[in-house]
Amino acid sequence: MSHLSQVFKIVAVFAQSAGLAGFHVDESKPYAELWMGTHPKSPSLIPVSRETLASYLAKNQFLIGETVSHKFGAEDGNLPFLFKVLAIEKALSIQSHPDKATAEKLHAQQPDIYKDPNHKPEMALAITPFPRFAATYLTNVPELAALIPLAILKTFLGIVPTTDSDAPAAKQALRDVFSALIQRYEAGVVHSEEEGVRQLVLRLNTQFSNDIGTFCAFLLNYPHAYISGDIIECMANSDNVIRAGLTPKLRDIPNLVDTLTYTAGPASHHAVKPLPFSATSASLLYDPPISEFSVVSVALTAGRTETHRPIAGPSIAIVTSGKGSLLWAGGSLDIAQGEVIFVGADTKIDIVATGDEEGLNCYRAFVET
């Protein structure tokens with residue numbers, strides 16, 4: 001495995017360390033995503049029996065918990081969240097995810113593309129340094145200013161700095177700028193001055209030759225467009241994606257332009273601040289304003305034990321480094337890097353780091369009402 005690129009390596013390492021049945025690392029292939037949950041596109045399986053997690057939970061509803069099962073319609077065993085590890089070397093597409101109303105509409109109109117009627121809010125926790133698009137160059141890169149029709153640019157620069165970002169005028173001004181740039185590139189009109197943010201643009205163009213999404217590097221502020229690195233990601237249980245660039249897949253630009261919020265704001269506005277989950281500092285809770293999921297990160301030094309209170313809903317955990325034990329009333333389980341564990345509702349657990357100096361690190365996604 002020494003020849004695998006580092007960012008592709010982490011998903012392969014987790015899969016191999018966990019003893020995934022039939023899995024062998026092919027160093028000529030990338031390993032970009034590890035899914036944990038009940039989504040039918042890549043469902044988790046019960047060891048030995050190879051039964052899907054959803055099928056097992058449907059027959060053992062107490063593991064989901066009555067309140068969660070009723071609130072999210074999980075009687076079929078389908079969890080409301082999807083947990084992932086992403087290892088990115090090649091930039092992900094310029095994309096957005098629909099809200100609930102939009103997802104229902106798109107699913108009804110194009111069920112072959114938008115496979116389910118659910119929304120897909122997401123949260124990402126970086127495991128390694130993780131650059132994303134995060135740039136606004138309209139005011140300090142003359143080349144970019146020249147790309148936007150003057151009237152649209154003047155309106156934008158006149159409104160946005162002095163107007164509430166949620167105000168209709170501010171959103172419309174940002175939407176007009178974005179649409180003007182995207183539509184002009186779609187028409188194939190390119191100026192010789194377009195050289196700003198050269199390194200990133202050249203890299204993206206190498207990965208996606210002549211792709212319109214390359215130029216979003218000049219403009220978009222924190223879109224869903226990852227560039228490289230490793231993350232833990234949790235989301236509502238959906239695979240609905242509206243793409244606009246950096247992809248060979250279908251681009252649905254009209255729906256992407258129509259469904260963005262066009263709310264400007266600093267990066268801190270989108271960050272989820274961690275809070276203590278237990279009496280110690282070893283467990284940190286990332287609790288976004290989303291009912292379907294929360295995530296706890298656990299970092300233990302060797303020999304330490306961390307207790308997690310009973311959670312009134314199901315959870316899935318993955319060990320990202322080290323080894324240890326998971327203990328609950330009447331049972332225990334040895335755990336190590338790459339292993340994925342399901343914890344049933346209302347179960348108090350102790351997490352013990354039994355390894356050497358490395359300790360134990362894990363992430364636990366859960367839902368409770």
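Residues numbered from 1 in each chain as written. Predicted model: local features only at pLDDT ≥ 70, side-chain atom pairs only at ≥ 80, totals over all residues. Heavy atoms only, no water.

Peer 1: So what exactly am I meant to see when it comes to the overall build of the chain here?
Peer 2: Counting secondary structure elements, the chain contains 9 helices and 17 strands. Out of the 369 residues belonging to the chain, those deemed buried represent 48%. Taking all contacts inside the chain whose residues are at least 6 apart in sequence as the whole, residues at least 24 apart take part in 71%. Per element, the accessible surface of the chain, about 17700 Å² overall, is 54% carbon and sulfur. (Helix = DSSP H or I, 4+ residues; strand = E, 2+ residues; numbered from the N terminus. Buried < 20%, exposed > 50% of the residue type's maximum accessible area, 1.4 Å probe, protein only. Contact = heavy atoms within 4.5 Å. Areas by Shrake-Rupley, 256 points an atom, 1.4 Å probe, with all protein chains shown as cover.)

Peer 1: What's the story with the environment of Ala345 in this structure? I'm lost.
Peer 2: Within the secondary structure, Ala345 is located in the loop between strand 15 (340–343) and strand 16 (349–353). Spatially, the C-alpha atoms of Ala345 and Phe366 are 9.4 Å apart, while their sequence positions differ by 21 residues. Contacts of Ala345, omitting those with residues within four sequence positions, involve Phe62, Leu63, Ile64, Gly65, Ile311, Ala312, Gly313 and Pro314.

Peer 1: How should the nonpolar core be read in this particular structure?
Peer 2: Most often, soluble globular proteins have nonpolar side chains that are buried together. One finds Phe81, Phe83, Val295 and Ile318 to be the most contacted residues of the largest nonpolar core, which totals 25 residues. Elements with a minimum of two residues in this core: strand 1 (33–36), helix 2 (53–59), strand 2 (81–88), strand 4 (122–126), strand 7 (229–236), strand 13 (315–328) and strand 17 (360–366). Here this core gets 3 residues from one element, more than from any other, and that element is strand 2. With near-sequence residues (within four places) excluded, Phe83 lies in contact with Leu34, Trp35, Met36, Ile232, Glu233, Cys234, Val295, Ile316, Ile318, Tyr363, Arg364 and Ala365. Listed in part, the 18 residues of the second largest apolar core include Val296, Ile335, Ile341 and Cys362. (Core = buried A, V, L, I, M, F, W, Y, C linked by side-chain atoms within 4.5 Å.)

Peer 1: I'm lost on the packing of aromatic side chains in this one. Help?
Peer 2: Enumeration over the complete set of coordinates arrives at 1 aromatic pair. Here the aromatic rings of Phe277 and Phe366 are separated by 6.0 Å at their centres, their planes lie at 50°, and the arrangement is tilted. Highlighted residues: Phe277 in the loop between strand 9 (275–276) and strand 10 (283–286) and Phe366 in strand 17, separated in sequence by 89 residues. Note on accessibility: Phe277 and Phe366 belong to one class, buried. (Phe/Tyr/Trp six-rings, centres within 6.5 Å; stacked < 30°, edge-to-face > 60°.)

Peer 1: It is not clear to me how the pairing of strand 14 (residues 331–336) should be interpreted in this structure. Could you clarify?
Peer 2: As defined by bridge partners, strand 13 adjoins strand 14 across 6 bridges and the pair is classed as antiparallel. For Leu326, the partnering residue across the bridge sits in strand 14 and is Leu333. Where strand 13 folds back on strand 14, the antiparallel hairpin that results is connected by 2 residues, among which Gly330 adopts a positive phi of roughly 90°. (Pairing = 2+ DSSP bridges.)

Peer 1: I tried to follow the pattern of salt bridges on my own but got confused; where do I start?
Peer 2: It is possible for side chains bearing opposite charge to pair when their charged atoms get close. This model, assessed by the stated rule, comprises 6 salt bridges. A salt bridge links Glu122 to Lys120; the shortest N-O distance between them is 3.4 Å. Since its relative accessible area comes to 24%, Glu122 is described here as partly exposed. Lys120 gets classed as buried once you look at its relative accessible area, which sits at 5%. (Salt bridge = Lys/Arg side-chain N within 4 Å of Asp/Glu carboxyl O.)

Peer 1: Would you mind showing me how to read empty space enclosed by the protein here?
Peer 2: Vacant regions in the atomic arrangement are exposed by a probe of water-molecule size rolled over the atoms. For the coordinates displayed, the defined rule picks out 1 cavity of 30 Å³ or more. Computed from the structure, the largest cavity encloses a volume of approximately 60 Å³. In terms of lining, the largest cavity is formed by Ala317, Val319, Leu326, Ile335, Ile341, Ile349, Ile351, Cys362 and Arg364. Of all the elements in the fold, those that place two or more residues in the lining of the largest cavity are strand 13, strand 16 and strand 17. Of all the elements, strand 13 adds the most residues to the lining of the largest cavity, at 3 residues. Grouping the amino acids of the lining of the largest cavity by side-chain chemistry returns 8 nonpolar, no polar and 1 charged. (1 Å grid on protein atoms, 1.4 Å probe; cavity = no way out; pocket = protein on both sides within 12 Å on 5 of 7 lines; lining within 4 Å. Points joined across faces, edges and corners; volume = space filled by probe spheres on them. Nonpolar A, V, L, I, M, F, W, Y, C, P; charged D, E, K, R; others polar.)

Peer 1: What is the right way to read unusual backbone geometry from this model?
Peer 2: Apart from glycine, the bulk of residues carry a negative phi angle, and the bulk of peptide bonds sit in the trans form. Residues other than glycine seldom take positive phi values, yet Val48 does so here, at roughly 75°. Among the structural elements, Val48 can be located in the loop between strand 1 and helix 2. The phi angle at Asp346 is positive, at roughly 60°, despite the residue not being glycine. Within the fold, Asp346 resides in the loop between strand 15 and strand 16.

Peer 1: Would you mind going over the side chain of Ser321 with me for this structure?
Peer 2: For Ser321, the location among the structural elements is in strand 13. A distance of 3.0 Å separates the side chain of Ser321 from the side chain of Asn361, its partner in a polar contact. Contact partners of Ser321, with chain neighbours within four places excluded, come to Gln337, Glu358, Gly359, Leu360 and Asn361. (Polar contact = N/O pair within 3.5 Å; in protein donor to acceptor, adjacent residues only side chain to side chain.)

Peer 1: Mind showing me how you'd approach the side chain of Glu51 here?
Peer 2: Position of Glu51 relative to the elements: it lies in the loop between strand 1 and helix 2. Taking the relative accessible area as the measure of exposure, Glu51 reaches 19% and is therefore buried. Within the structure, Glu51 has its side chain in polar contact with the side chain of Ser55 (distance 2.8 Å). In contact with Glu51, other than residues within four places in its own chain, are Ser44, Leu45, Ile46, Tyr56 and Lys59.

Peer 1: Please explain helix 4 (residues 100–109) as it appears in this structure.
Peer 2: Residues spaced three or four apart along an α-helix face the same direction, because each turn holds 3.6 residues. All buried positions along helix 4 are accounted for by Thr102, Ala103 and Leu106. Along the axis of helix 4, the buried positions cluster into a sector of 100°, meaning they face one direction only. In helix 4, the exposed positions angled more than 90 degrees off the buried face are occupied by Ala101 and Ala108. (Arc of directions from axis to C-beta.)

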